[in-house]
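# Descriptive structure summary
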Amino acid sequence: SDDNLRMGNQGEATLLSLLQGCEQVSGGILYEHRESKALGLRDVSSLYNQTAAVQLSHNGGTGLVLPLNPTDDDQYLVNDMTVTRTSGSSGQYVKESGPLNVNDPEDDTDGVGRYEDSETLDLYADDQAIQFASWEVERATTDETRYPTVTLYLQKATGMIPSVTRTNVGDVLELQDPPSFLEPG
C-alpha cells in the first residue's frame, strides 16, 4: 500500500461524507457500479498512463459529432493550495514560476494572479498535507483546453457500441487524426 494514500481516523459523519473523504484522499472517483448495487472507488493510480478505452476519429466512422467545443477557462485553476489534516497540521504550496503561476500577468508573462483553494482531509500523517497541496497545484495548473462534452451518435457507428459500452468512469477517449486547428486537451 502507498503510505501517501493512507487515511487517518475518520470522525462521526454520514456514510456518504465518509466515502467522499475516501475519494478525496485517494484522488480518485467514487462511482456506482452499472452491473450491481455497489459503489466503487477508482483510485488515482488507475487514472494515469492508461491506454485509450475508445479511439475516435475526427474524419468520421466513429460516431463523433462535430464540431468539438473546447473550453479554455480557469474553472479548475488552483495555484495556491492549503491542505489541512483533520486535527493536525497544514501544508501550503504556491506555484511561483512556470505556466499559470501566482504572479501578476503584468509582471510575469506566465502569471495569472492568485487562485487560492483549501481543504481539510482525513490524512494519516501531518507530512501528507504538503504533498497533497503540491499535487493539487500541479494537477490544477496543467495548461490545456478542456473538452467538457463529447457527443457520439452510435446509430451512425454501430461498430463502436461494444467499446463505448465497456467504458468505465475515468476511462480515456482518444481522438485520432485531429485537425491542426484543434487545440490539444
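For the structure itself, consult the block above.
Residues numbered from 1 in each chain as written. Predicted model: local features only at pLDDT ≥ 70, side-chain atom pairs only at ≥ 80, totals over all residues. Heavy atoms only, no water.

### Topic: the packing of aromatic side chains
In this description, an aromatic ring pair is defined by two values, namely the gap between the centres and the angle between the planes. Put simply, the rule reads: Whether two aromatic rings pair depends on their centres lying within 6.5 Å, for rings of Phe, Tyr and Trp, where Trp uses its six-membered ring; planes under 30 degrees apart make the pair stacked, over 60 edge-to-face, and the rest tilted. Helical segments are the DSSP runs of H or I of at least four residues, strand segments are the runs of E of at least two, and each set is numbered from the N terminus. Accessible area is worked out with a 1.4 Å probe on protein chains only. A residue is then buried under 20% of its type maximum, exposed over 50%, and partly exposed in between. Lysine and arginine charges are scored as sitting over a ring when NZ or CZ, respectively, is within 6 Å of the ring centre and within 35 degrees of the ring normal.
Following the criterion strictly, the structure yields one aromatic pair and no others. Geometrically, the ring pair formed by Y48 and W135 is edge-to-face, given 5.8 Å between the ring centres and 85 degrees between the ring planes. In this pair, Y48 sits in the loop between β2 (39-42) and β3 (54-57) while W135 sits in helix α2 (residues 128-140), placing the two residues 87 residues apart along the sequence. Y48 sits in the partly exposed class, given a relative accessible area of 38%. Given the relative accessible area of 42%, W135 is considered partly exposed. Just above the ring of Y124 sits the side chain of R6; from NZ or CZ to the centre is 3.7 Å.

### A short note on the sheet that holds strand β4 (residues 80-85)
Using the following cut-off: Pairing between two strands requires that DSSP report at least two bridges joining them. Lines fitted to C-alpha atoms define the axes, with helix axes restricted to the stretch in contact, and inter-axis angles between N-to-C directions lie between 0 and 180 degrees. Only heavy atoms enter the contact rule, under which two residues are in contact if any of them lie within 4.5 Å.
If you trace the three strands from one edge of the open sheet to the other, you get β5-β4-β6, paired in mixed fashion. A single partner strand is all that each edge strand has here, and the edge strands are β5 (90-94) and β6 (116-121). Sheet twist, expressed as the average angle between the axes of neighbouring strands with direction ignored, equals 15 degrees. Bridge count between β4 and β5: five bridges; the pairing is antiparallel. Note on β5: the bridge partner recorded for D80 is V94. Its contacts with the sheet put α2 on β4, β5 and β6, and the angle it makes with β5 is roughly 30 degrees.

### Observations concerning the nonpolar core
As a reminder of what qualifies: In this text, buried Ala, Val, Leu, Ile, Met, Phe, Trp, Tyr and Cys residues form a nonpolar core when linked through side-chain atoms within 4.5 Å.
Ranked by size, the top nonpolar core spans 11 residues in total: V25, V78, M81, V83, L121, L123, A129, F132, A133, V137 and A140. At the level of elements, β4 and α2 are the ones that each hand at least two residues to this core. Here this core takes five residues from α2, the largest share from any one element. Counting residues in each nonpolar core, the second largest holds nine residues, with V54, L64, L154 and M160 among its members.

### Remarks on the environment of S97
Looking at where S97 falls in the secondary structure, it is placed in the loop between β5 and β6. By relative accessible area, which is 53% here, S97 ends up exposed.

### Quick word on the environment of L123
Within the element layout of this structure, L123 appears in the loop between β6 and α2. Here L123 falls in the buried class, since its relative accessible area comes to 2%. Put simply, L123 and Y153 are 30 residues apart on the chain and 43 Å apart in space, counted from C-alpha to C-alpha. Ignoring any residue separated from it by four or fewer positions in sequence, one finds L123 in contact with R6, M7, G8, V25, V83, R85, Q128, A129 and F132.

### Details of a negative patch on the surface
Rules: Any residue with relative accessible area above 30% and no salt bridge may belong to a patch, with like charges joined within 9 Å and the nonpolar Val, Leu, Ile, Met, Phe, Trp and Tyr side chains within 5 Å. Each accessible area is a Shrake-Rupley estimate made with a 1.4 Å probe; only the visible protein chains count as cover when residues are assessed. Any carboxyl oxygen of Asp or Glu that lies within 4 Å of a side-chain nitrogen of Lys or Arg is treated as forming a salt bridge with it. The convention is simple: Lys and Arg are positive, Asp and Glu are negative, and His and the chain ends are not counted. Working definition for charges: the position is that of NZ of Lys, CZ of Arg, CG of Asp or CD of Glu.
Negative charge collects at one region of the surface, where D72, D110, D143 and E144 lie side by side. Tracing the backbone shows D143 in the loop between α2 and α3 (161-165).

### Details of the pattern of salt bridges
Under the defined criterion, the tally for this structure stands at five salt bridges. Between D171 and R42 there is a salt bridge, with its nearest N and O atoms 2.7 Å apart. Of the two residues, D171 sits in the loop between α3 and β7 (173-176) while R42 sits in strand β2, which places them 129 residues apart along the sequence. When the shortest N-O distance is used, the salt bridge between D80 and R114 registers 2.6 Å. On the criterion of sequence distance, the pair formed by D80 in strand β4 and R114 in the loop between β5 and β6 is long-range, its members being 34 residues apart. Relative accessible area serves as the criterion here: at 3%, D80 is assigned to the buried category.

Purely geometric numbers; function is a separate question.
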